Amino acid sequence: MCILCDKGFPQNHAGSQLGRRDFLKASTATAAAAAGMGLFAARPAAADDDDGPEDTGKRGQRYVIRGGAVMTMDPSMPNKGEFPKADLLVEGKKIVAVGPNLSAGGAAEIDARGKIVMPGFIDTHHHQFETALRSFLADGVLINDKSGSVAGSTTYFEYVLLTFAPVYRPEDVYISELFGGLSQLDDGVTTVHDVSQIHHSPQHSDAAVKALFDTGRRAAFGYFESAGAVPGNQYPFDAPRIKKQFFSSSDQLVHMIMGGEVYLGDQSADDSWRIGRELDLQIAAHVLSPFGIRPIFDRLAAGTGGNGHTAIGGDNLFIHMTGMSDAAWQRVKDVGAQVSIAFPIEMNMRHGMPPIIRMQQMGMEPSLSSDVEVTMTADFFTQMRVAMNLQRLVVNQMTLDKPNGNQNLPDPRNWELPQTAATSTDTDFPYWPTPPGGVPAPLTTRDVLRYATINGAKHLRLDKKTGSLTPGKEADIIILDAQAINVAPLNNVPGAVVSLMDRTNVETVIVAGKVRKWKGRLLDVNLDSLRRQLENSRDHVFSEAQAHPLFPGQFDGRTGLFGNQ
């Protein structure tokens, strides 16, 4: 089964024999097929101001973004990369210059007065195939806890992975990937690591990859397992075909990452890590305290785990890292592996405490990830705010608890002060201790902006291309409205972005020099058609899973199903 064949656009699936020329033909066929399905809207032949500058992103085309408050996220630049008012010159897909009063030689101009100009956000872990299931698990946790509560029964493992995912068709994969990607593009997220656990067949894999290309933003295609272990899946052994067919060039927006879950067993981990390294791919894995991962990861860190090919290295990206041992953390740091934290999801779904304090104490920094929209929004303003709020909650409470020896609170019902709380004598102001030794400073808005931009680029091995507004890098840029009612007056540029803004402030989004959102509107997409496709897919998936949308929180213990009551 293939989404494009089913829609009347026959495809050649002799994947292992395709080279670069065949890939380009396949990409053209995909774009034509998508246009035939009415998913993309044609732009006017002569673009006017409602559509932005013409031919952006094409070789030789120049435009200048004038007069905005510019945060480059590159502290090596003049003014540590922060300019109260500056210009940014783009030619083709590259940033040419950043600074005040640039001479642009007749280039088209984008007026950024009253706006904030910064790099696009980078999401290092997002399960886009689940877009059709958005909010289904808003009340749930990760694994059934046998409590009989709504949270303990509406669970991710049992329902999203084992019930919904196995009934996905390739066309369901495609529309969820496409719609979810465009939604984040609208939010200013210009790069994603799509953790795709939906590889029931080569056609499912192809649909996921093609959707990432069709979305038109920068992406890492994470080739993970087939959720629910659908018979006939070819993970991880289809990886060489996928890389050869779709990723033979490094000069494109989408590249490939190998998923290698260690909790699937030694043989699966060994096969996936071995194949990934043979293909020179980064290797990513979920590492968290549930699923019995801690002892598995301890063995890998000690060099005694797996079947010989799972040595932790600098090519690893670990997701969550909740509940891991000191030795495992030390190994991750020593080899230079990266860690992506999904703060809202970890807090909501019982993954364990997001390990931000440990990382800070070890001199490490995370990137940020949205994880699953079945439970929480993929909006990156939310990710930044929650990261900052959680870290500050912990260090502030550790500071307040300092007079009591900074002990782990003995009464789990009281996460404020222990019953034997002592009064601080640090200062003349009562009950206001200075921070104890070894406790990190509270995160700042600049910190979480760094996590959301350049750290994400480093963790996906893309920092030579994107993550900062450095001349020579590709132009992944967002322009944020700082005159809107929820922000004005602008007094603190990084503070306004993190503490006040939301997706309505994302006015313009640029990927590799090409304007993709202009004056608050995504360009070149037919959202009405996309929404209908997504709703039709949702209806199929829910029907096959015997679940009902809109009010799914009512659980029938006799049937094990959810429905309206």
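Small disclaimer: the values here were computed from a predicted structure and weren't measured. (Residues numbered from 1 in each chain as written. Predicted model: local features only at pLDDT ≥ 70, side-chain atom pairs only at ≥ 80, totals over all residues. Heavy atoms only, no water.)

1. A short note on the packing of helix H6 (residues 202-215) against helix H7 (residues 239-246)
A packed helix pair is summarised by two numbers, namely the angle formed by the two axes and the spacing between the axes. Put simply, the test is: All axes are obtained by fitting lines to C-alpha atoms, using only the stretch in contact for helices, and the reported angles, taken between N-to-C directions, cover 0 to 180 degrees. Strands here are runs of E lasting at least two residues and helices are runs of H or I lasting at least four, both read from the DSSP assignment and numbered beginning at the N terminus. Take the far helix as your reference; a near helix turned counterclockwise from it by less than a right angle gives a left-handed crossing, and one turned clockwise gives a right-handed crossing. We call two residues in contact when some of their heavy atoms are within 4.5 Å. Here the nonpolar group is Ala, Val, Leu, Ile, Met, Phe, Trp, Tyr, Cys and Pro; Asp, Glu, Lys and Arg are the charged ones; every other residue, Gly included, is treated as polar.
It is at 11 Å that the axes of H6 and H7 come closest, and there the two elements cross at 35°. Considering the relative orientation of H6 and H7, their crossing is right-handed. Judged by residue contacts, Pro 202, Ser 205, Asp 206, Val 209, Lys 210 and Phe 213 of H6 engage Arg 241, Ile 242, Gln 245 and Phe 246 from H7. A class-by-class count of the residues in the contact of H6 with H7 yields five nonpolar, two polar and three charged.

2. Let's talk about the confidence of the model for the protein
Where the model shows low pLDDT, its predicted coordinates should not be examined in detail. The following threshold applies: Per-residue confidence from the predictor is reported as pLDDT, which spans 0 to 100.
Per-residue confidence for the protein gives a mean pLDDT of 88, with 85% of residues at or over 70. Counted against residues more than four places away or in other chains, residues 1-33, with its pLDDT under 50, gives 50 contacts. Segment residues 557-565 is flagged for pLDDT under 50; beyond a separation of four residues in sequence, or across chains, it makes 26 contacts in the model.

3. Notes on the sheet that holds strand S7 (residues 189-196)
Rule in force here: Note on pairing: two strands pair once DSSP finds at least 2 bridges between them.
On the basis of which strands lie adjacent, the open sheet formed by eight strands has the order S6-S7-S8-S9-S10-S11-S12-S13 and parallel pairing. Each having just a single partner strand, strand S6 (121-126) and strand S13 (367-368) make up the two edges of the open sheet. Where strand S10 (residues 282-287) lies against strand S11 (residues 316-320), five bridges are found, and the strand directions are parallel. Following the sheet pairing, Ile 283 is matched in S11 by Asn 316. Seen against the sheet, helix H5 (residues 170-186) touches S6 and S7 and runs at an angle of roughly 150° to S7. The strands that helix H13 (residues 380-400) touches are S6, S7 and S13; relative to S6, the one it contacts most, it runs at about 85°.

4. Quick word on the nonpolar core
What counts here: Nine residue types can take part in a nonpolar core, namely buried Ala, Val, Leu, Ile, Met, Phe, Trp, Tyr and Cys, and a core is a set of them joined through side-chain atoms within 4.5 Å. Each residue is placed in one exposure class: buried if its accessible area under a 1.4 Å probe, protein chains only, is under 20% of its type's maximum, exposed if it is over 50%, and partly exposed if it falls in between.
Grouped together as the largest cluster of nonpolar side chains are 117 residues, with contacts concentrated most on Phe 121, Phe 221, Phe 297, Phe 318, Met 384 and Val 497. The element best represented in this core is H13, accounting for nine residues. One finds Tyr 63, Ile 95, Val 98 and Ile 479 within the second-largest nonpolar core, a separate group that totals 21 residues.

5. Notes on the environment of Leu 462
Note that Leu 462 resides in the loop between helix H15 (454-459) and strand S14 (477-481). Once the C-alpha coordinates of Leu 462 and Arg 218 are considered, the two residues, 244 residues apart in sequence, prove to be 9.9 Å apart.

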